[in-house]
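Here is what each chain is made of, one letter per residue.
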Amino acid sequence: MPKVVGLRCRECGTEYPLQATHVCEMCFGPLDAVYDLDALKKTVSRKRIEDGPKSMWRYRDLLPIEDSVNVVTLGEGFTPLVKADRLGAELGLRNLYLKNDSMNPTNSFKDRVVSVAISWARAHGFETIACASTGNLANAVATYAARAGLECFVFIPVDLEPAKVASISVFDPNVVAVRGNYDDVNRLCSQLIESTPWAFCNINIRPFYAEGSKTLTFETVEQLGWKLPDEIIIPIASGCQFVRHRQAVRELIEFGLVRGDRVPAFTGAQALGCAPVYNAFHSDTPDRVLPVKPDTIARSIAIGNPSDGVYVNRIARDTGGVVEAVTEDEIVDAMRLLARTEGIFTETAGGVTIGVLARLARAGRWNGDEVVVAYVTGHGLKTAEVLATANGHARRVEIEPTMKSFREQVNF
Amino acid sequence: MAQFRIPGPLRRLSEGEVTVDVEAEDLASAIDALDARYPGFRDRLLDEKGDLRQFVNVYLNDEDVRLGSGLQARVGAKDEISIVPAVAGGS
């Protein structure tokens, strides 16, 4: 018996057969994968998960890939959850944890969603994988397409950071550099799905792709000893993963994997230079997310027209979370703070997450005993150029190769 | 005449037509004209308050109308109006 039985519209409930489609014909709402929950409840257990592989595929029962499918994997997921005592001490948090998802095969969270998406696409006969991307997704798609031996088209904004372009191109995909920003790329690809036989990871096979996000929260809870944290800080781009993390907690409770039903507060992080969800959250109409033109160094989350924005606001509000945003300087400061205190080098999007964590902590959001988890979703080398240009490094000296020069220049 | 581009999920309404020409001065009247020719479009595109629905993006010559004048956006002859489902993306 298949465990995934179809697709259902999140808005109006209309049901569809399993296929590569992502919007409801009735209301244009998003479609979600529907599982045979009764059958799954008989199989899923902590032991079965703990006996599984040391990757996100230990949660395979809760992913939309049937048991018979040969998955496309590079060992993604099961990344470290580290207790952040030094960062916590700076912020007055005694139980702060960081889920370091920059430890994935392509150094970002995207490997989770892409491993699921490409496994699904290959099993359903697709020969070409595509995506619209601000870089991290394209990197993951090019990597996993190479691994799977599938044709690949990635669509990126023409001015993407050089490090990201290099780490995409090495896998030899077809790279289409679009003269526009991410929202332009996304619109073009949304129109292209009708005239190509391709699986666009984040568009027409989005209902399956999105499910991969859940594993980040499953792992966090397992690594906390099967306990739910009090609050989770998550970066917001389209809002897609935020929604899936809420769903992951729902499933953990429903399958009896955690005790109790106290849901964590879900808090979203944006850069002020691209903060459509934050703007709406703090307006009189949080259910209307108005698009903006992005202008931020946090390019990997710079989506001006976030499709899941209204869901983010509902979830944040319903769980007691907030949506907060930080300045460009706060992003860079937070990248340095995280590196200096915890030895973790994150990209600008991680700077947004840690920046929001720091801002909320300093504003007195927590009393200090809460278990707070921040999702660090990408590696710092992806956006290293922001550090080269931003306010230098105060502790650097340049010396002659002599003892004299060293003594004169270096204080120790 | 301005021209609508109809996305796959709505082509049942347009009897399979990918493009539909309309005579209109602004986006609101263009949607009225589209609905007059193929009834049902108005309900799919606009909510009960007459605003664009949350999951519908409309582009006037490739510009998101929400970034401009919205439904009041002026529509000229030869302008292209694309209707695109909003749900996509994820960096």
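Everything below is about the structure printed above this text.
Residues numbered from 1 in each chain as written. Chains lettered and ligands numbered in written order. Predicted model: local features only at pLDDT ≥ 70, side-chain atom pairs only at ≥ 80, totals over all residues.

### Structural notes on the sheet that holds strand S3 (residues 31–35) of chain A
Residues and elements named next belong to chain A.
Consideration 1: With respect to topology, three strands assemble into an open sheet ordered S2-S1-S3, the strand pairing being antiparallel. Sheet topology places strand S2 (15–16) and S3 at the edges, where each strand pairs with a single neighbour.
Consideration 2: Here strand S1 (residues 4–9) runs beside S2; their pairing, made up of two bridges, is antiparallel. Bridge assignment links Leu7 to a residue of S2, and that residue is Tyr16. (Pairing = 2+ DSSP bridges. Helix = DSSP H or I, 4+ residues; strand = E, 2+ residues; numbered from the N terminus.)

### Some points on the environment of Val371 of chain A
All names here are of chain A.
Consideration 1: The topology assignment puts Val371 in strand S13 (residues 371–376).
Consideration 2: A residue is classified by how many C-beta atoms lie within 10 Å of it, and Val371, with 19 of them, is partly exposed.
Consideration 3: Sequence separation between Val371 and Ile232 is 139 residues, and the spatial gap between their C-alpha atoms is 8.8 Å.
Consideration 4: Those residues in contact with Val371, other than ones at most four positions away along the chain, are Asn95, Pro229 and Asp230. (Buried ≥ 20, exposed ≤ 12 C-beta atoms within 10 Å, placed from the backbone. Contact = placed C-beta atoms within 7 Å.)

### Comments concerning the interface of chain B and chain A
Consideration 1: Facing 19 residues of chain B, the contacting portion of chain A comprises 32 residues.
Consideration 2: Of all elements in the fold, only strand S3 (56–60) and strand S5 (80–85) of chain B reach the threshold of two or more residues within the side of chain B that touches chain A.
Consideration 3: If one sorts the elements of the side of chain B that touches chain A by residue count, S3 of chain B sits on top with three residues.
Consideration 4: Class assignment for the residues of the side of chain B that touches chain A results in ten nonpolar, six polar and three charged. (Nonpolar A, V, L, I, M, F, W, Y, C, P; charged D, E, K, R; others polar.)

### Some thoughts on the nonpolar core
Consideration 1: In terms of nonpolar packing, the biggest core is built from 126 residues, with Ala117, Ile129, Val141, Val154 and Cys201 of chain A touching the most fellow members.
Consideration 2: Here the element with the most residues in this core is helix H5 (residues 136–148) of chain A; it accounts for eight residues.
Consideration 3: Each of domain 1 (1–41) and domain 2 (81–107 + 213–389) of chain A contributes no fewer than three residues to this core.
Consideration 4: For Val154 of chain A, the contacting residues outside a window of four places in its chain are Ala130, Cys131, Ser133, Ala138, Val141, Ala142, Ile168, Pro173, Val175 and Val176 of chain A.
Consideration 5: Core analysis: the next-biggest nonpolar cluster, separate from the first, contains 19 residues, Ala2, Ile31, Leu34 and Val58 of chain B among them. (Core = buried A, V, L, I, M, F, W, Y, C linked by C-beta atoms within 7 Å. Domains from an automatic or database assignment.)

### So, the pairing of S1 of chain A
It is a general feature of regular strands that their side chains alternate between the two faces of the sheet.
Residue and element names in this part refer to chain A.
Consideration 1: Sheet topology note: the S1/S3 ladder contains five bridges and is antiparallel. Bridge pairing in S3 places Leu7 opposite Ala33.
Consideration 2: The hairpin turn running from S1 into S2, its antiparallel successor, is five residues long, and Gly13 in that turn takes a positive phi close to 80 degrees.

### Some points on the sheet that holds strand S1 (residues 2–5) of chain B
Residue and element names in this part refer to chain B.
Consideration 1: Reading across the sheet, the five strands line up as S2-S1-S5-S3-S4 and stay open at both edges, with mixed pairing between neighbours. One side of each edge strand has no neighbouring strand; the edge strands of this open sheet are strand S2 (19–22) and strand S4 (63–64).
Consideration 2: Where S3 lies against S4, two bridges are found, and the strand directions are antiparallel. By the bridge assignment, Leu60 is partnered in S4 with Glu63.
Consideration 3: On top of the sheet, helix H1 (residues 27–37) reaches S1, S2, S3 and S5; it is set at about 115 degrees to S2, its chief contact. (Axes fitted to C-alpha atoms, helices over the stretch in contact; angles between N-to-C directions.)

By themselves, these are just geometric observations and shouldn't be taken as functional.
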